[in-house]
Every structure is written in C-alpha cells, then in structure tokens.
Amino acid sequence: MTSTDTRRIPASVTEAIEIRRSIRKFVQQPIPEADLRELVRLAGLAPTAFNVQPTRFIVITDPQMKAKLQEVSYNQAQVTSAPAVFVVYSDMEDVMTNAEETIHPGMGADQVATRAAGLRANFQNQDVAQRGQWALAQANITFGFLMLAATGLGYSSSPMLGFQPDKVRELLGLPEHVQFAGILPVGIAAEEGFPHHRHSVERITKFI
Ligand SMILES: Cc1cc2nc3c(=O)[nH]c(=O)nc-3n(C[C@H](O)[C@H](O)[C@H](O)COP(=O)(O)O)c2cc1C
C-alpha cells in the first residue's frame, strides 16, 4: 500500500460481505498488475461442477477499449471511471475441446483420458446453447467470488449486466457461444455507494 492508497481491507469474509457496495466512481489510479492477476486467481478458486472451470476473463485497462466498452454498455460511466474492467464469461466449448485440462494430472494418463471422455459424453447430447447455459451458472458463482475478492484486496466494484452482449462479443472478438456472467469495473472507491436495502430473512426464507 502507498500513502495515497485509501483502500479499506476487510478483516474477514463476513466484513467483506457487509462493506461491499456497488461503486460507480473510482479514484484515477491504476491497479498493479499483480493485484489484477491475484483477483483472477482468487475468483478461479470458486467451485464448479465436475471442476469444469468454464469461466474466462478479459481484463481491460486500455482507455480506448474501455471507452468502446462503455459505448455498448448504454454509456454507463463506471466503465471508463474504473482503472480496470473485468469481462467475465463462460466458454463451455473450450471446456469440451480441452476437457483433459480439467482432470487432475496426478490421476495418471489413463484416468485423465477416461474421465475427459466421460465429461464430453455427459454434455454431447445437449446443444451448444444448453450446455452454455449450464456453464453460465458456474461462471456466475465465479463472478460473485471475483466481487468479494476485490473487496478483500480493498478494491470496490460495480457488477453490470447492462450491456449489449452481441456488441461486446464483437468488440472483444469472442465467439457467439460464450455467455456473459457480467462485467465488473474495479478500482479504489471515490464515492460511498448506497446503504444496503434488502429483504428481511423472513421474507425470503422458509425454515422447515
Ligand atoms: C448481475 C448484476 C448486474 C447489474 N447490472 C448493473 C448495471 O448494468 N448498472 C448498474 O448501475 N448497476 C448494476 N447492478 C448493481 C445493482 O443495481 C446493485 O448491486 C443493487 O442495487 C444492490 O446494491 P449494492 O450492490 O450496492 O449492494 C448489477 C448488479 C448485479 C448483481
């Protein structure tokens, strides 16, 4: 941390959950690359079914690219305000092509081959959109981890689904089958955000 660093580092996961708020104005200060990489690593620790790990990230720090992304995000200003913007998406076709990578190498070559074939067999009767949707459920969990990882390192973020998916695919050269969990502008907060307004436990829960 530097003397100009106003990050607040939460002491616990519980505190991180409590203090996270959507922040749409950021301090104009770049995020060190080591922190950007650490955020991806931490988000990647999110669990996924069969450990398929279908989530992929694009981390945008280039001002021109951020400006173009903002244009296809209904001009939401948090995109260019943030020093870094994470685009988080699932790519289940990448998983299908490279299924072997998801099996622990310690299992040995035969097991890796058998299990990779099993994984492909599991999904080959689904069409690309169906298994893409399944993979998106995994990516959404990872997206949540990314938000909390950012909070954990003292950064703030602003989850977003307000963008045109086809245009974002085109802008970033992504294939049609990828599905977006969201985009996440990240940086040091330059505003407080709004206090939490949430349903009560009773409103959303049945204890049986
Ligand atoms: C998946 C998702 C998509 C969202 N999309 C947008 C968005 O496009 N623009 C925006 O200003 N806020 C967006 N939000 C922020 C929500 O409005 C915000 O999370 C909610 O009001 C609760 O406030 P809090 O995050 O400060 O607790 C999104 C949040 C989530 C989780």
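Cut-off values and rules
Residues numbered from 1 in each chain as written. Predicted model: local features only at pLDDT ≥ 70, side-chain atom pairs only at ≥ 80, totals over all residues. Heavy atoms only, no water. Near = heavy atom within 4 Å. Polar contact = N/O pair within 3.5 Å; in protein donor to acceptor, adjacent residues only side chain to side chain. Areas by Shrake-Rupley, 256 points an atom, 1.4 Å probe, with all protein chains shown as cover. Nonpolar A, V, L, I, M, F, W, Y, C, P; charged D, E, K, R; others polar. Helix = DSSP H or I, 4+ residues; strand = E, 2+ residues; numbered from the N terminus. Buried < 20%, exposed > 50% of the residue type's maximum accessible area, 1.4 Å probe, protein only. Contact = heavy atoms within 4.5 Å. Pairing = 2+ DSSP bridges. Axes fitted to C-alpha atoms, helices over the stretch in contact; angles between N-to-C directions.

Draft legend 1. Molecular detail of the site of the ligand. With respect to spatial proximity, the complete set of residues near the ligand consists of R20, R21, S22, R24, Q76, Q78, P159, M160, L161, G162, H196 and R198. R24 has a polar side-chain atom sitting 2.8 Å from an oxygen atom of the ligand. Calculation on the ligand without its partners gives an accessible area of 620 Å², and the protein chains cover 63% of this total. Split by residue class, the shell around the ligand holds 3 nonpolar, 5 polar and 4 charged.

Draft legend 2. Molecular detail of the side chain of T151. Within the secondary structure, T151 is located in helix α7 (residues 128-152). On the basis of relative accessibility, which here comes to 6%, the residue T151 falls in the buried class. Leave out the neighbours within four places in its chain, and T151 touches R8, P10, A16, I19 and R20.

Draft legend 3. Up close: the sheet that holds strand β1 (residues 55-60). The strand order across the open sheet built from 4 strands is β1-β2-β4-β3, with neighbouring strands paired in antiparallel fashion. Taken across any chain shown, the strands that pair with only one partner, and hence form the sheet edges, are β1 and β3 (156-157). With 2 bridges joining them, β3 and strand β4 (residues 179-187) adopt antiparallel strand pairing. Within β4, the position partnered with S156 by the bridge is G187. The sheet strands contacting α7 are β1, β2 (84-90), β3 and β4, and the helix crosses β4 at an angle near 15 degrees. Those strands touched by helix α8 (residues 165-172) are β1, β2 and β4, and its axis lies near 70 degrees from that of β4.

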